[in-house]
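# Architecture and fold: a report
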Amino acid sequence: MRLLVVVPSLGAVYGGPSKSVIELAQALGESGIDVDLVSTNANGKDVIDEPIKTWIQRDNYRVQVFPCKIIGDYKLSVSITQWLLKNVRNYDLVQTNAIFSVPNLPAYLACRWNNIPYVVIPRGMLEPWALSYKAGKKKIYYNLFEKPALQKASALQMLASTEAQQIQPLNLKSPLVISPNGVHRKDFETLPTSQKFYDQFPEIKGKKLILFLGRIDPKKGIDLLADALGRIRPKFPGTHLVIAGPDNIGFLPTAKKYFADNHCLDSVTFTGILTGEIKYSALAAADCYIAPSYSEGFSMSVLEGMAAGLPCIITTGCNFPEAAQANAAHVVEIDANAIADALVTYLTNPDAAAAMGKQARQFIFQNYTWDQIAKNLHEVYQKILDKQSIAQYAT
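Model, not experiment: these values are computed from the prediction.

### Description of the environment of serine 301
- Counting through the fold element by element, serine 301 comes out in helix α12 (residues 300-307).
- Along the backbone, serine 301 and leucine 131 are 170 residues apart, and their C-alpha atoms lie at a distance of 22 Å.
- Those residues within four positions of serine 301 in sequence are excluded, and the remaining contacts are Leu213 and Tyr289.
- Side chain to side chain, serine 301 and tyrosine 289 meet in a polar contact 2.7 Å long.

See below:
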């Protein structure tokens with residue numbers, strides 16, 4: 001099977017979605033699929049440091065990036081459009097990632113011209129909160145371009161059962177496949193020490209660390225987190241919040257104001273994006289992981305926090321009810337009071353928190369590793385090529 005993966009960007013500044021596309025491509029390649037990945041070279045205000053318009057061999061897949069121009073929220077690339085229109089015919093199946101992405105449009109068109117089946121992974125972008133954010137232009141774009149393409153997809157690949165439920169009002173007729181993000185077990189079996197993290201941020205050593213890994217973005221619930229931290233700080237003055245993530249849209253001043261307004265800015269460190277060994281060192285240093293999001297597809301960073309054995313507090317917006325059912329995370333409503341109460345519970349019951357962290361690690365290793373996910377998804381993709389039913393197929 002020859003699979004073409006199309007994604008608007010692979011830059012690290014875009015956080016979990018870019019990372020999950022790469023890791024899924026690698027895992028599908030390991031499962032025996034011949035995987036090619038194409039994208040633009042966008043990386044926020046910069047570009048990724050890769051040669052353009054040439055194949056680069058990675059572990060079990062190839063990648064090719066194309067130059068683009070960013071206008072507003074859109075990444076425009078003449079060269080990727082030309083390449084897709086010419087080359088989609090050479091593949092058995094196409095997988096597109098994200099919604100409201102201009103590079104996907106020529107992929108849809110070329111698939112229809114050449115009768116190539118395609119699978120769309122919206123990555124949380126069809127959820128109610130996501131659709132309501134900048135709703136005006138999204139509604140026009142969706143009705144003109146996305147909805148017709150979604151209706152003709154061989155499958156819509158959802159990251160979570162709740163995501164599948166929440167898109168029902170859109171009345172899309174394509175079959176749904178539920179296939180979550182995952183982690184590589186080897187990355188978390190032995191974490192590095194916390195020393196590398198503390199070497200870079202020595203001023204927070206010795207504090208009780210709450211870790212937030214993610215973009216500094218309105219949908220991430222940083223306003224709720226600031227409110228919750230302000231509430232618990234008088235009782236737990238030694239608690240410190242680490243916000244580790246990029247600021248792609250200039251939201252950092254607003255985020256800092258949230259904490260200043262709640263009289264706790266001096267209890268927060270903004271590290272910028274952390275990758276590689278220092279990210280794992282930060283996970284080793286942390287006492288608790290938190291994701292207060294309004295909306296997610298299926299958070300890579302939540303999986304990483306749990307795989308690291310951290311007690312995790314996540315909102316219902318993270319689309320992970322299974323974690324609560326397995327007693328592997330504290331899942332709360334999207335509410336500052338609920339987040340604060342959960343933090344107090346963890347901070348006053350460290351043994352119970354540690355036990356939940358241990359349960360979280362086992363739960364992720366048993367159910368959310370890339371090798372398992374790719375094996376199941378390979379079967380789904382083969383069913384599509386064989387024209388077999390995949391309606392409501394959960395991998």
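### Thoughts on the pairing of strand β11 (residues 155-158)
- With burial as the criterion, each face of β11 is covered, one bearing Ala155 and Gln157 and the other bearing Leu156 and Met158.
- Pairing of strand β10 (residues 118-121) with β11 involves 2 bridges; the strand directions are parallel. Residue pairing across strands places valine 120 opposite leucine 156, the latter belonging to β11.
- Two elements, β11 and strand β12 (residues 176-178), share 3 bridges in a ladder whose sense is parallel. By the bridge assignment for β12, glutamine 157 is matched with valine 177.
- Taken together, β11, helix α6 (residues 161-166) and β12 form a β-α-β motif whose crossover is right-handed.

### Some points on the packing of helix α1 (residues 16-30) against helix α16 (residues 370-385)
- Two numbers describe how α1 lies on α16: the axes approach to 9 Å, and their chain directions differ by 70°. Accordingly, the angle class assigned to the pair α1 and α16 is roughly perpendicular. Residues Ser20, Glu23, Leu24, Ala27 and Leu28 of α1 lie in contact with α16, whose contacting residues are Trp370, Ala374, Leu377, His378 and Tyr381.
- Residues belonging to the contact of α1 with α16 are distributed by class as follows: 7 nonpolar, 2 polar and 1 charged.

Conventions and cut-offs
- Residues numbered from 1 in each chain as written.
- Predicted model: local features only at pLDDT ≥ 70, side-chain atom pairs only at ≥ 80, totals over all residues.
- Heavy atoms only, no water.
- Helix = DSSP H or I, 4+ residues; strand = E, 2+ residues; numbered from the N terminus.
- Contact = heavy atoms within 4.5 Å.
- Polar contact = N/O pair within 3.5 Å; in protein donor to acceptor, adjacent residues only side chain to side chain.
- Buried < 20%, exposed > 50% of the residue type's maximum accessible area, 1.4 Å probe, protein only.
- Pairing = 2+ DSSP bridges.
- Right-handed = clockwise from strand over helix to strand, strands pointing away.
- Axes fitted to C-alpha atoms, helices over the stretch in contact; angles between N-to-C directions.
- Parallel < 35°, antiparallel > 145°, perpendicular 65-115°, else oblique.
- Nonpolar A, V, L, I, M, F, W, Y, C, P; charged D, E, K, R; others polar.

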